[in-house]
Amino acid sequence: MIEKKYFGLDQVADEIRYLEAKEGYILKTFDGERYTFEPTDEGPFTYAVHFSVEPASLQKFTDVGFTVCCEYLGSQGGYYYFLTRPQTITQPVPHNYDDRKDAIQLKVNRVDRFVGVVLIAVIFLYAYFFMKNMNGLYLIVLIPTLGLAAYVYAVRQRYLRFIKNN
């Protein structure tokens, strides 16, 4: 079974819930946009998704019963390790979100420095043109730009929540 699904760096908990909901299947490969599952009689499974900027030692995961089911080198850099173990093993799942938080902070910095400046400039420019000429054509650009600005702000806030809470 192949499913196309996207999870951001800050959505690790959602990704794990998605993987664990696939009862009767185990993850075999991930290519950045598609998860490939194979049927299995084993399970249910506990999953862990580890992200690191450099190749990582997974000793802390293997020490508590995890095995690597697949790895993926991200298109923007970073290594994703998908690990699984039977749910009957009850030892705590190790977490280390330092590299995730660093990568997310870089995205927030890009938003703050570039996207914010461009969006604000476009909004003020087209608002000025609209006020000056009272031409509704400028609203066709202004309204979607305001929507984009709201979306960018919401994503930025989601990223900052992840950094703060993990």
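So, here's what we can say about the structure. For every chain, the first residue of its written sequence is number 1, and the numbers climb from 1 along that sequence. Note on the predicted model: pLDDT of at least 70 is required for a residue's local features to be given, and 80 or more for side-chain atom pairs to be given and counted; whole-chain, interface and lining totals, by contrast, use all residues. In computing side-chain properties, one takes all heavy atoms of the structure into account and sets aside hydrogens as well as water.

Right, let's talk about empty space enclosed by the protein for a bit. Both site types are read off a 1 Å grid over the protein atoms alone. A 1.4 Å probe that fits but cannot get out defines a cavity, while an open set with protein on both sides within 12 Å along at least five of seven lines defines a pocket; lining residues have an atom within 4 Å of a point. Grid points are joined across faces, edges and corners, and a volume is the space filled by probe spheres set on the points. Per the counting criterion, the structure on display carries two cavities of 30 Å³ or more. Within this model, the largest cavity holds a volume of roughly 70 Å³. Taken together, Ile16, Ala48, Val49, His50, Phe51, Phe61, Val93, Pro94, His95, Asn96, Tyr97 and Arg100 make up the full set of residues lining the largest cavity. Starting at the N terminus, helices and strands are each numbered in turn, a helix being any DSSP run of H or I of at least four residues and a strand any DSSP run of E of at least two. Sorting elements by how many residues they give to the lining of the largest cavity places strand β4 (residues 45–52) first, with four residues. When residues are grouped by polarity, Ala, Val, Leu, Ile, Met, Phe, Trp, Tyr, Cys and Pro land in nonpolar, Asp, Glu, Lys and Arg in charged, and all others, Gly among them, in polar. Across the lining of the largest cavity, the residue classes break down as eight nonpolar, three polar and one charged.

A separate point is the environment of Ile120. Summarising the element assignment, Ile120 is placed in helix α3 (residues 98–133). On the accessibility criterion, Ile120 (48% relative accessible area) is partly exposed. Here's how the labels work: a residue is buried when its accessible area is under 20% of the maximum for its type, exposed when over 50%, partly exposed in between, all with a 1.4 Å probe on protein chains only.

Backbone geometry places Met134, a non-glycine residue, at a positive phi of 50°. With respect to the helices and strands, the residue Met134 is situated in the loop between α3 and α4 (137–165). For Met134, a relative accessible area of 56% puts it in the exposed group.

One turn of the α-helix equals 3.6 residues, which is why residues spaced by three or four share an orientation. A helix is expected to span 1.5 Å for every residue after the first. The first and last C-alpha atoms of α3 sit 51 Å apart over 36 residues, in line with the 52 Å expected at 1.5 Å per residue. All of the buried residues in α3 are Arg100, Lys101, Ala103, Ile104, Lys107, Val108, Val111, Leu119, Ile123 and Phe130. Tucked into the core, α3 has its buried residues touching α1 (12–20), β4 and α4. One or two positions beyond α3, positive phi appears at Met134, with a value near 50°. Any two residues whose heavy atoms approach within 4.5 Å are treated as being in contact.

Right, let's talk about the nonpolar core for a bit. Among buried residues, those of type Ala, Val, Leu, Ile, Met, Phe, Trp, Tyr and Cys that are joined through side-chain atoms within 4.5 Å constitute a nonpolar core. Within the largest apolar cluster, 27 residues are counted, with the highest numbers of intra-cluster contacts made by Leu19, Leu27, Tyr35, Tyr47 and Phe82. Among the secondary structure elements, those contributing two or more residues to this core are α1, β2 (25–30), β3 (34–39), β4, β5 (67–73), β6 (79–86), α3 and α4. Residues in contact with Leu19, not counting those within four places in the same chain, are Leu27, Tyr35, Phe37, Tyr47, Val49 and Phe82.

This part covers the sheet that holds β4. Strand pairing in a sheet relies on backbone hydrogen bonds, with the paired strands running either antiparallel or parallel. Strand pairing requires that DSSP identify at least two bridges connecting the strands. With antiparallel pairing, three strands are arranged side by side in an open sheet as β4-β6-β5. Lying at the two open borders of the sheet, with one neighbouring strand each, are β4 and β5. For this sheet the average axis-to-axis angle between neighbouring strands, irrespective of direction, equals 20°. Relative to β6, β4 runs antiparallel, the two being bridged by eight bridges. Bridge pairing in β6 links Ala48 to Leu83. Comment: axis = line fitted to C-alpha atoms, over the contacting stretch for helices; angle = value between 0 and 180 degrees taken between N-to-C directions. Of the strands in this sheet, β4 and β6 are in contact with α1, which crosses β4 at around 145°.

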